[in-house]
Amino acid sequence: MNQTIELLTSHRSERSYLDKPIAEDVLTSIIEAAHLAPTSVNSQQVSLIVIRDAHRRARIAELAGGQPWVAQAPVFITVVLDMHKTRLGIEMSGKQQIAHQSIESLISGSTDVGIALGALMTAARSHGLGVVPIGGIRNNPKAMIELLQLPELTFPVAGLVIGYVDIPAQQKPRLPLNSFCHEEYYHCEVLSEAIEQYNKTLMEHWQHIDRNDGSNWSVNTANYYQNIYYPAVLSAIQQQGFKLDK
């Protein structure tokens, strides 16, 4: 196994960090990895907000629903879907942006955010740092927008905690590969058995690490997805000038 594959397949979402700063040249190289990641039609519709200030990180931890590792680690990066930047560039050419009036723009922009987030995580871990992506910044998106002073046609899609690990996390097992990778077409017939198998595997994992509060995958996912997970997202997106009618 080469080093890159080993790095990618050994991912853990770390939630325990040392109070140790990250060298500026290391952080710069991590950011550059995301800066040069691919984007749809070279739109570069992604921006990063790097937060080092302890008080601001503590506020983000609170807004994300109470996630202390956000405040604990020395760096938090918010990955922003940015069609404010594209609109400005288009206006400078004497033309008008209308793409933000469609759901396609949110899918395209979120895809680019995901690519950038993946680059950040891989680059950080290549330096021996721990990471954990944070979707919880969408818990109160309007407050995040205000805190980061985000302009119209931007939206904070995800965040990333980066730091030196204190107590390493255990890697969670995943659903069987045949439920993730389908040959030629989507194989619905394999899912029930795969999920049943994984429910047992995950419970064994929780027992192995002495997590008595762990649930199987079906129950755990239901705890989130039997409701609208972050109900404030739609109104915040609309407030930011995005339209979803095309």
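Each value, and the rule that gives it
Residues numbered from 1 in each chain as written. Predicted model: local features only at pLDDT ≥ 70, side-chain atom pairs only at ≥ 80, totals over all residues. Heavy atoms only, no water. Helix = DSSP H or I, 4+ residues; strand = E, 2+ residues; numbered from the N terminus. Rg over C-alpha atoms; globule rule 2.2 N^0.38 Å. Buried < 20%, exposed > 50% of the residue type's maximum accessible area, 1.4 Å probe, protein only. Contact = heavy atoms within 4.5 Å. Lys, Arg positive; Asp, Glu negative; His and termini not counted. Charge placed at Lys NZ, Arg CZ, Asp CG, Glu CD. Domains from an automatic or database assignment. Core = buried A, V, L, I, M, F, W, Y, C linked by side-chain atoms within 4.5 Å. Pairing = 2+ DSSP bridges. Axes fitted to C-alpha atoms, helices over the stretch in contact; angles between N-to-C directions. UniProt positions renumbered as here; feature names shortened; annotations may be inferred. Salt bridge = Lys/Arg side-chain N within 4 Å of Asp/Glu carboxyl O. Phe/Tyr/Trp six-rings, centres within 6.5 Å; stacked < 30°, edge-to-face > 60°. Lys NZ or Arg CZ within 6 Å of the ring centre and 35° of its normal.

## Observations concerning the overall build of the protein chain
Consideration 1: Tallying secondary structure elements over the protein chain gives ten helices and four strands in all.
Consideration 2: When the elements of the protein chain are put in sequence order from the N terminus, they spell out α-α-β-α-α-β-α-α-β-α-β-α-α-α.
Consideration 3: Expected size for 246 residues packed as a compact globule is a radius of gyration near 18 Å; at 20 Å, the protein chain falls within 12% of this value.
Consideration 4: In terms of its C-alpha atoms, the protein chain occupies a principal-axis envelope of roughly 60 × 45 × 35 Å.
Consideration 5: Each of the 246 residues in the protein chain was classed as buried or not, and the buried ones make up 39%.
Consideration 6: Put simply, 79% of the contacts in the protein chain that link residues at least 6 apart link residues at least 24 apart.
Consideration 7: The centroid of the 19 positive side-chain charges in the protein chain is displaced by 6 Å from the centroid of its 24 negative side-chain charges.

## What to know about the domain arrangement of the protein chain
Size of an interface: often given as the accessible area lost when the parts come together.
Consideration 1: For the protein chain, the assigned domains read domain 1 (3-170 + 229-240) and domain 2 (172-214).
Consideration 2: Between the C-alpha centres of domain 1 and domain 2 the distance comes to 28 Å.

## Overview of the nonpolar core
Consideration 1: Counting 56 residues, the largest nonpolar core has Ile134, Val161 and Ile162 as its most contacted members.
Consideration 2: Residue contributions to this core peak at nine residues, all from helix 6 (residues 103-126).
Consideration 3: Setting aside anything within four residues of it in sequence, one finds valine 161 in contact with Tyr17, Trp69, Val70, Ala73, Val75, Phe76, Gly130, Val131, Val132 and Ile134.

## Section: the sheet that holds strand 2 (residues 75-82)
Consideration 1: With antiparallel pairing, four strands are arranged side by side in an open sheet as 1-2-4-3. Lying at the two open borders of the sheet, with one neighbouring strand each, are strand 1 (46-51) and strand 3 (130-134). Strand-to-strand twist across the sheet, computed as the mean angle between neighbouring axes with direction ignored, equals 25 degrees.
Consideration 2: Inspection of the sheet shows strand 3 paired to strand 4 (residues 154-163) by five bridges, in the antiparallel sense. The partner of isoleucine 134 across the bridge, within strand 4, is glycine 159.
Consideration 3: Relative to strand 4, helix 7 (residues 141-148) is tilted by about 75 degrees, and along the sheet it contacts strand 1, strand 2 and strand 4.

## Digging into unusual backbone geometry
Consideration 1: A positive phi angle, close to 50 degrees, is found at glutamine 44, a residue other than glycine.
Consideration 2: For glutamine 149, which is not glycine, the phi dihedral falls at a positive 55 degrees.
Consideration 3: Looking at where glutamine 149 falls in the secondary structure, it is placed in the loop between helix 7 and strand 4.
Consideration 4: The exposure class assigned to glutamine 149 is exposed, which follows from its relative accessible area of 68%.

## Some points on the UniProt feature "domain: Nitroreductase" (unreviewed entry) in the protein chain
Consideration 1: Sequence positions flagged by UniProt for "domain: Nitroreductase" (unreviewed entry) are, in local numbering, residues 9-164.
Consideration 2: With 45% helix and 19% strand, residues 9-164 has its two end C-alpha atoms placed 19 Å apart.

## Some thoughts on the environment of alanine 236
Consideration 1: Topologically, alanine 236 is positioned in helix 10 (residues 233-239).
Consideration 2: The spatial distance from the C-alpha of alanine 236 to the C-alpha of threonine 39 is 24 Å, given a sequence separation of 197 residues.

## Focus on the pattern of salt bridges
Consideration 1: Tallying each qualifying case throughout the model produces four salt bridges.
Consideration 2: Here arginine 211 and aspartate 213 are joined by a salt bridge, their closest N and O atoms 2.6 Å apart.

## Details of the packing of aromatic side chains
Consideration 1: Within this structure, the stated rule accounts for four aromatic pairs.
Consideration 2: On the numbers, 6.4 Å between centres and 65 degrees between planes, the contact of tyrosine 198 with tryptophan 217 is edge-to-face. Of this pair, tyrosine 198 sits in helix 8 (residues 191-208) while tryptophan 217 sits in helix 9 (residues 217-225); the two residues are 19 residues apart in sequence, bridging distant segments of the chain.
Consideration 3: Tyrosine 198 gets classed as buried once you look at its relative accessible area, which sits at 6%.
Consideration 4: Its relative accessible area of 30% is what places tryptophan 217 among the partly exposed residues.
Consideration 5: An angle of 70 degrees between the planes, with centres 5.1 Å apart, marks the rings of tyrosine 224 and tyrosine 229 as edge-to-face.
Consideration 6: Chaining the aromatic ring pairs together yields one cluster made of Tyr224, Tyr225, Tyr229 and Tyr230.
Consideration 7: Across the ring face of tryptophan 69, the terminal group of arginine 15 is positioned such that the distance to the ring centre comes to 5.5 Å.

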